[in-house]
Amino acid sequence: MARYIKNPEARKFLSVLVAGLGCVGLAVGIVSGLGTVTFLRNAVSVPGKVTGSKAVTSRGSRGPSTTFYSPVITFNDAQGLSRNITSSEFNEFFYSAGDTVNVLYVPNNLKNYRLSTWLDLWSKAAGWGVVGAIMLLIGVAAFKTAQREILQQSIPSNKSPISKPKLPAARR
């Protein structure tokens, strides 16, 4: 950032902006993590079976479209009813048809489900938290650097900040 923006006041403003966005990212990560903790307190764990996969195609605005595959899982809820869900994990290599997985769901809200994996439970919270923390650290470091440069520019270059008193010459 320092190479491209010569004005330290502008760098200071930009560093505050980056640190602010880092705080927002960190807050989103914390809130997401707390949501996962609340989900885990209310969720019931049941075994499920991977019955296949569902193709999900994302169409880029400029580039080619990309197809991801999500596992389709069947499980029986607490009432014994068979439910089909599609995992949010987009990786065809993790699961094959016939694999057994643990499904976590909230009994009074069957649309609130996740697989019992780190990726499905914690990846969003960890991703936002790490990116937010890095942006916050970069913003604070850039702010301190810009602030130091502003202070150095305010001190005249021919005088030191602390002037020593001149002592009278010694008599012989």
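Look a little higher up for the structure.
*Asks:* Quick question: what am I supposed to make of the overall build of the protein here?
*Replies:* In terms of regular secondary structure, the protein is built from 2 helices and 5 strands. In the protein, the succession of α and β elements from N to C terminus is α-β-β-β-β-β-α. Burial analysis of the protein (172 residues in total) assigns 24% to the buried set. In the protein, of all internal contacts separated by at least 6 residues, the share reaching a separation of at least 24 is 58%. When the accessible area of the protein is evaluated, it comes to approximately 12400 Å², of which 60% is carbon and sulfur surface.

*Asks:* Sorry, what's going on with helix H1 (residues 8-42) here?
*Replies:* Taking 1.5 Å as the rise per residue, H1 with 35 residues should run 51 Å; its terminal C-alpha atoms sit 51 Å apart, in good agreement. Along H1, the residues that are buried comprise Pro8, Arg11, Ser15, Val18, Ala19, Gly22, Gly25, Gly29, Ser32, Gly33, Thr36 and Phe39. Packing partners of the buried residues in H1 comprise strand E4 (100-106), strand E5 (109-115) and helix H2 (118-154). Measuring from the side-chain oxygen of the N-cap residue of H1 to the backbone nitrogen of Glu9 gives 2.9 Å; that N-cap residue is Asn7.

*Asks:* Help me understand the pairing of E5, please; the structure alone is not making it clear to me.
*Replies:* If a strand is regular, its side chains alternate between the two faces of the sheet. Note that E4 and E5 share 4 bridges and pair antiparallel. Residue pairing in the sheet places Val103 in a bridge with Leu115 of E5. Taking the residues that link successive antiparallel strands as the turn, the E4-E5 hairpin has 2 residues.

*Asks:* Is there a simple way to explain the nonpolar core in this structure?
*Replies:* The nonpolar side chains of a soluble globular protein tend to be buried with one another. Within the largest apolar cluster, 10 residues are counted, these being Val46, Val50, Ile73, Phe75, Ile85, Tyr95, Val101, Val103, Tyr105 and Leu115. Breaking this core down by element, the ones donating at least two residues are strand E1 (44-58), strand E2 (66-76) and E4. When residues of this core are assigned to their parent elements, the largest contribution, 3 residues, is made by E4. Those residues in contact with Tyr105 that lie beyond four places of it in its chain are Phe39, Asn42, Ala43, Val44, Val46, Phe75, Asp77, Ala78, Leu110, Asn112 and Tyr113. Membership of the second largest hydrophobic core comes to 5 residues, among which are Phe39, Ala43, Leu104 and Leu121.

Criteria and thresholds
Residues numbered from 1 in each chain as written. Predicted model: local features only at pLDDT ≥ 70, side-chain atom pairs only at ≥ 80, totals over all residues. Heavy atoms only, no water. Helix = DSSP H or I, 4+ residues; strand = E, 2+ residues; numbered from the N terminus. Buried < 20%, exposed > 50% of the residue type's maximum accessible area, 1.4 Å probe, protein only. Contact = heavy atoms within 4.5 Å. Areas by Shrake-Rupley, 256 points an atom, 1.4 Å probe, with all protein chains shown as cover. Expected span 1.5 Å × (residues − 1). Polar contact = N/O pair within 3.5 Å; in protein donor to acceptor, adjacent residues only side chain to side chain. Pairing = 2+ DSSP bridges. Core = buried A, V, L, I, M, F, W, Y, C linked by side-chain atoms within 4.5 Å.

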